[in-house]
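The residues making up each chain are set out below.
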Amino acid sequence: MKIDRNNILTALSILVFFLFVWWGNHHLTAYAVRVWEDTLIFLMLAAGYNLINGVTGQFSLEPNGFVAIGAYVTAILILTPAQKESMFIIEPMVPWLAHLHMSFLPALIIGGIVTAIVGFLLGFPVFRVRGDYLAIVTLGFGLTIRVVSNNTITITNGSLGLKGLPTYTNIWWCAVWAVVAMIVIMRIVDSAFGRAMKAIRDDEDAAIAMGINTLWIKQIAFVTAAFFEGVGGGLLASLITIISPTMFTFFLTFELLIIIVVGGLGSMTGTAIATLLVVWGSELLRVVEQPMNIFGLQIPGIPGMRMVIFSILLIVIMIFAREGIMGQREFSWDWLFNKIKGKRA
Amino acid sequence: MNLTIVLQQLVNGISLGSLYGLVAIGYTMVYGVIRLINFAHGDIMMVGMYFAFTGIAMWFLPWWAAFLLSMLASSLVGVIIDRVAYKPLRNASRISALITAIGVSFFLENSFLVIYGGVPKAFPVPSLFGGAINIHGVIFPNIAIITPIVAIIFLMILLFILHKTKYGMAMRALSLDFETVRIMGVNVDLVISAVFAIGSFLAALSGIFWAMRYPAINPLIGIMPGLKAFAAAVLGGIGSVTGAAIGGFIIGISEILIVALFPSLAGYKDAFAFLFLIFVLLFKPTGIMGEDLERGRF
């Protein structure tokens, strides 16, 4: 009975969310819609990233690599053969890819699956190490992906990148995928797998002693994250319409890291709140990079200032408010009703 | 390929390797003492380059004064970073410290981007380092000869400090058992600051020689050599200074030789160090000199 109530409320709030999307699509400015699209894609990326970093406690820096893979795979699949032929001017594309062409949804899913497979294969060597080594190896992976995409000219068009991708991504694609990602990830967190993940985070040796197959559990988290990061990459590719090896740098990982740290490592609710704050905050902070005129005083725009502010923010949060907004807590309907009834959660 | 070219490439590789080695020493010492991968260490290299650039090109100092000033200022930056960002997290989880280190790295990169702009600057190479000498028809750039000599001199000085002075003894003791050393009445924070100062000094030295080797500097230049130097530190056995130097030489020489022997792979040279790193972690995670990952010793 109670669970039914919770499920109905969840379904209702998703409906309200889609109503908002429908309303926003018609009434918001193109700029606001665009920022919402970014927000929703980042929500999906950050939720996946938090699953591996926050819930499982495996500090990895892989997102930019995974997003790049997803973006490239999706881009190659949705470009028409004619476009590919005109774009690959240094060397022609390998034939079996040049003639491949499909619609957006299968392309996204294949992008996600390819990324998940890469994540699975990468998981074996990287999960042999823990903690800080894992961070460096996955960081190296991101750089390796960039080097590889720069050099496999017959597949990725090298440093020229891929241009003129069809713009399929709209706010609906982003919204539906974000909701799917959130539901799947929340279900994993609430399942036995999720409890095993948290056990690994809290004490890996104890988890092993309890009979948890840590490699397998870490792989589940990693592959799930990889899938959604790959799909997110595909959505981004079709949103921006141009991709090149220099686009998916460590900067992207850093932004996601800030999101999950601000929201609280291990809390999906926190991730959602922090995504809103960081994406919209970063739009508002554009002001500091533009020339300003305060009381006749000319201040030239300072490019890069936003990142200085973000990095200081990250350091300050880590020193003074390590828990982030939500810590490891999650929003739940039971909590809300207890709050309303005045009971203690 | 004849002997001349092999010899030239070897000297080239040794010189590049000693640059990696100098940076790797900083990683290994900081990790040995506080078990933190100092992500910002590669960026200290960049800081050193820009300080030296400022000294020579903007303040018109003689090159040796600019270099010395830059290395000292970079040490100071290293110490400040430790005091401001890492010290409050000494008792927090290692992941928190690591995230902070990433924040510091981003802060350095972007604040230098704001101060100096993103356009690469031409590093003024002093004439002593600019030329080349010709030994029996084999041409060696001066910089390739001087770099390893300077690196080895500083390595000797460091080993002397570590093994013959009280500070060195404190550093070695800290890497074995943090708490006991504190109980013994050693000023732990001062020793950690000294470690950061030494590491940053050597990173700045390496950065200056890097800038003379590839004289176009930009605020993101420290990332790649920093990561490769980390790979070198792991390869040598993290916690071991000699190991870091050896790891640096191995990474540098093999990077140069791979490009020389297989020119078609030249584009992949930046990815190579990570493959190396992954293989080391897979098959011998303690590295060449490291006896035990958790028990560092210099």
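Residues numbered from 1 in each chain as written. Chains lettered and ligands numbered in written order. Predicted model: local features only at pLDDT ≥ 70, side-chain atom pairs only at ≥ 80, totals over all residues.

## As for the overall build of chain B
Broken down by element type, chain B carries twelve helices and four strands. Relative to its length of 298 residues, chain B is compact, with a C-alpha radius of gyration of 19 Å against a globular reference of 19 Å. With the C-alpha coordinates of chain B rotated into their principal frame, the extents come out at 60 × 45 × 35 Å. Evaluated residue by residue, chain B yields a buried proportion of 51% over its 298 residues. (Helix = DSSP H or I, 4+ residues; strand = E, 2+ residues; numbered from the N terminus. Rg over C-alpha atoms; globule rule 2.2 N^0.38 Å. Buried ≥ 20, exposed ≤ 12 C-beta atoms within 10 Å, placed from the backbone.)

## Some remarks on the overall build of chain A
Along its length, chain A carries 16 helices and two strands. Each principal axis of the C-alpha distribution contributes one length, and for chain A these read about 65 × 65 × 40 Å. Taking the contacts inside chain A whose residues are at least 6 apart along the sequence as the reference set, 80% of them involve residues at least 24 apart. (Contact = placed C-beta atoms within 7 Å.)

## Details of the interface of chain B and chain A
The partner chain A presents 33 residues to the 32 residues of chain B that form the contact. Listed by contribution, the elements that provide at least two residues to the side of chain B that touches chain A are α4 (94-116), α10 (223-236) and α12 (269-283) of chain B. With 15 residues, the single largest contributor to the side of chain B that touches chain A is α4 of chain B. Grouping the constituent residues of the side of chain B that touches chain A by class yields 24 nonpolar, six polar and two charged. (Nonpolar A, V, L, I, M, F, W, Y, C, P; charged D, E, K, R; others polar.)

## A closer look at the packing of helix α2 (residues 41-58) of chain B against α4 of chain B
All names here are of chain B. Between α2 and α4, the least distance of the axes is 9 Å, while the angle of their chain directions is 25°. Considering their axes alone, α2 and α4 lie roughly parallel with respect to each other. For α2 against α4, the interelement crossing comes out left-handed. Here α2 contributes Asp-43, Met-46, Val-47 and Tyr-50 to the contact with α4, which in turn contributes Ser-105, Leu-108, Glu-109, Phe-112 and Tyr-116. A class-by-class count of the residues in the contact of α2 with α4 yields six nonpolar, one polar and two charged. (Axes fitted to C-alpha atoms, helices over the stretch in contact; angles between N-to-C directions. Parallel < 35°, antiparallel > 145°, perpendicular 65-115°, else oblique. Left-handed = near helix turned anticlockwise from the far one by under 90°.)

## Concerning the domain arrangement of chain B
One widely used convention gives an interface's size as the accessible area the parts lose upon coming together. Residues and elements named next belong to chain B. The domains assigned to chain B are domain 1 (32-120 + 141-217) and domain 2 (222-290). A separation of 20 Å is found between the C-alpha centroids of domain 1 and domain 2. Each partner contributes residues to the interface: domain 1 has 14 residues there, and domain 2 has ten residues. Elements with a contribution of two residues or more to the side of domain 1 that touches domain 2: α2, α6 (142-164) and α9 (188-213). It is α2 that provides the largest number of residues to the side of domain 1 that touches domain 2, a total of five residues. Class assignment for the residues of the side of domain 1 that touches domain 2 results in eight nonpolar, five polar and one charged. (Domains from an automatic or database assignment.)

## A look at the environment of Pro-126 of chain B
With respect to the helices, strands and loops of the structure, Pro-126 of chain B is situated in the loop between β1 (121-122) and α5 (127-130). It is 6.6 Å that separates the C-alpha atoms of Pro-126 of chain B and Trp-63 of chain B, two residues lying 63 residues apart in sequence.

## A word on the environment of Gly-252 of chain B
Residues and elements named next belong to chain B. Note that Gly-252 resides in helix α11 (residues 241-261). A residue is classified by how many C-beta atoms lie within 10 Å of it, and Gly-252, with 26 of them, is buried. Between the C-alpha atom of Gly-252 and that of Gly-17, which follows or precedes it by 235 residues, the distance is 3.7 Å.

## Considering the pairing of strand β2 (residues 132-135) of chain B
All names here are of chain B. In this structure, β2 lies alongside strand β3 (residues 138-141), joined through four bridges in antiparallel fashion. Directly across from Asn-134, in β3, lies its bridge partner Ile-139. Connecting β2 to the next strand, β3, in antiparallel fashion are two residues, including His-136 with a positive phi near 50°. (Pairing = 2+ DSSP bridges.)

## Observations concerning α12 of chain B
A rise of 1.5 Å per residue sets the reference length of α12 of chain B, with its 15 residues, at 21 Å; its end C-alpha atoms lie 22 Å apart and thus fit the reference within 8%. The elements touched by buried residues of α12 of chain B are α6 (104-126) and α7 (131-151) of chain A together with α10 and α11 of chain B. (Expected span 1.5 Å × (residues − 1).)

## Some thoughts on the confidence of the model for chain B
Residue and element names in this part refer to chain B. Averaged over every residue, the pLDDT of chain B is 88; the share at 70 or more is 97%. Of the regions scoring below 50 in pLDDT, residues 293-297 engages in 13 contacts with residues more than four places distant in sequence or in other chains. With pTM at 0.88, the complex prediction returns an ipTM value of 0.86. (pLDDT = per-residue confidence, 0-100.)

## Side note on helix α7 (residues 166-176) of chain B
All names here are of chain B. Within the sequence span of α7, burial applies to Ala-170, Met-171, Leu-174 and Ser-175. Viewed end-on, α7 has its buried residues packed into an arc of 135°, placing them on one side of the element. Buried residues along α7 sit against α1 (3-34), α6, α8 (178-183) and α9. (Arc of directions from axis to C-beta.)

## What to know about the nonpolar core
Residues Met-44, Ala-75 and Val-261 of chain A together with Met-49, Val-195 and Ala-231 of chain B are the most contacted members of the largest nonpolar core, which totals 193 residues. Both domains that meet at this core, namely domain 1 (32-120 + 141-217) and domain 2 (222-290) of chain B, each give it at least three residues. Contact partners of Met-44 of chain A, with chain neighbours within four places excluded, come to Trp-177, Ala-178, Ala-181, Phe-228 and Gly-232 of chain A. (Core = buried A, V, L, I, M, F, W, Y, C linked by C-beta atoms within 7 Å.)

## Notes on the packing of α7 of chain A against α12 of chain B
The geometry of α7 of chain A relative to α12 of chain B is characterised by a closest axis approach of 9 Å and an angle of 145° between their N-to-C directions. Relative to α12 of chain B, the crossing made by α7 of chain A is left-handed. Contacts between α7 of chain A and α12 of chain B pair Tyr-133, Val-137, Gly-140, Leu-143, Thr-144, Val-147 and Val-148 of chain A from the former with Asp-270, Ala-271, Phe-274, Leu-277, Ile-278 and Leu-281 of chain B from the latter. Looking at side-chain class alone, the contact of α7 of chain A with α12 of chain B contains ten nonpolar, two polar and one charged residues.

## Here we look at unusual backbone geometry
All names here are of chain B. At Arg-35, a residue that is not glycine, the phi angle is positive and equals roughly 55°. Within the fold, Arg-35 resides in the loop between α1 and α2. Even without being a glycine, Phe-60 presents a positive backbone phi close to 55°. Residue Phe-60 is classed as exposed on the basis of its C-beta count, with 8 C-beta atoms lying within 10 Å.

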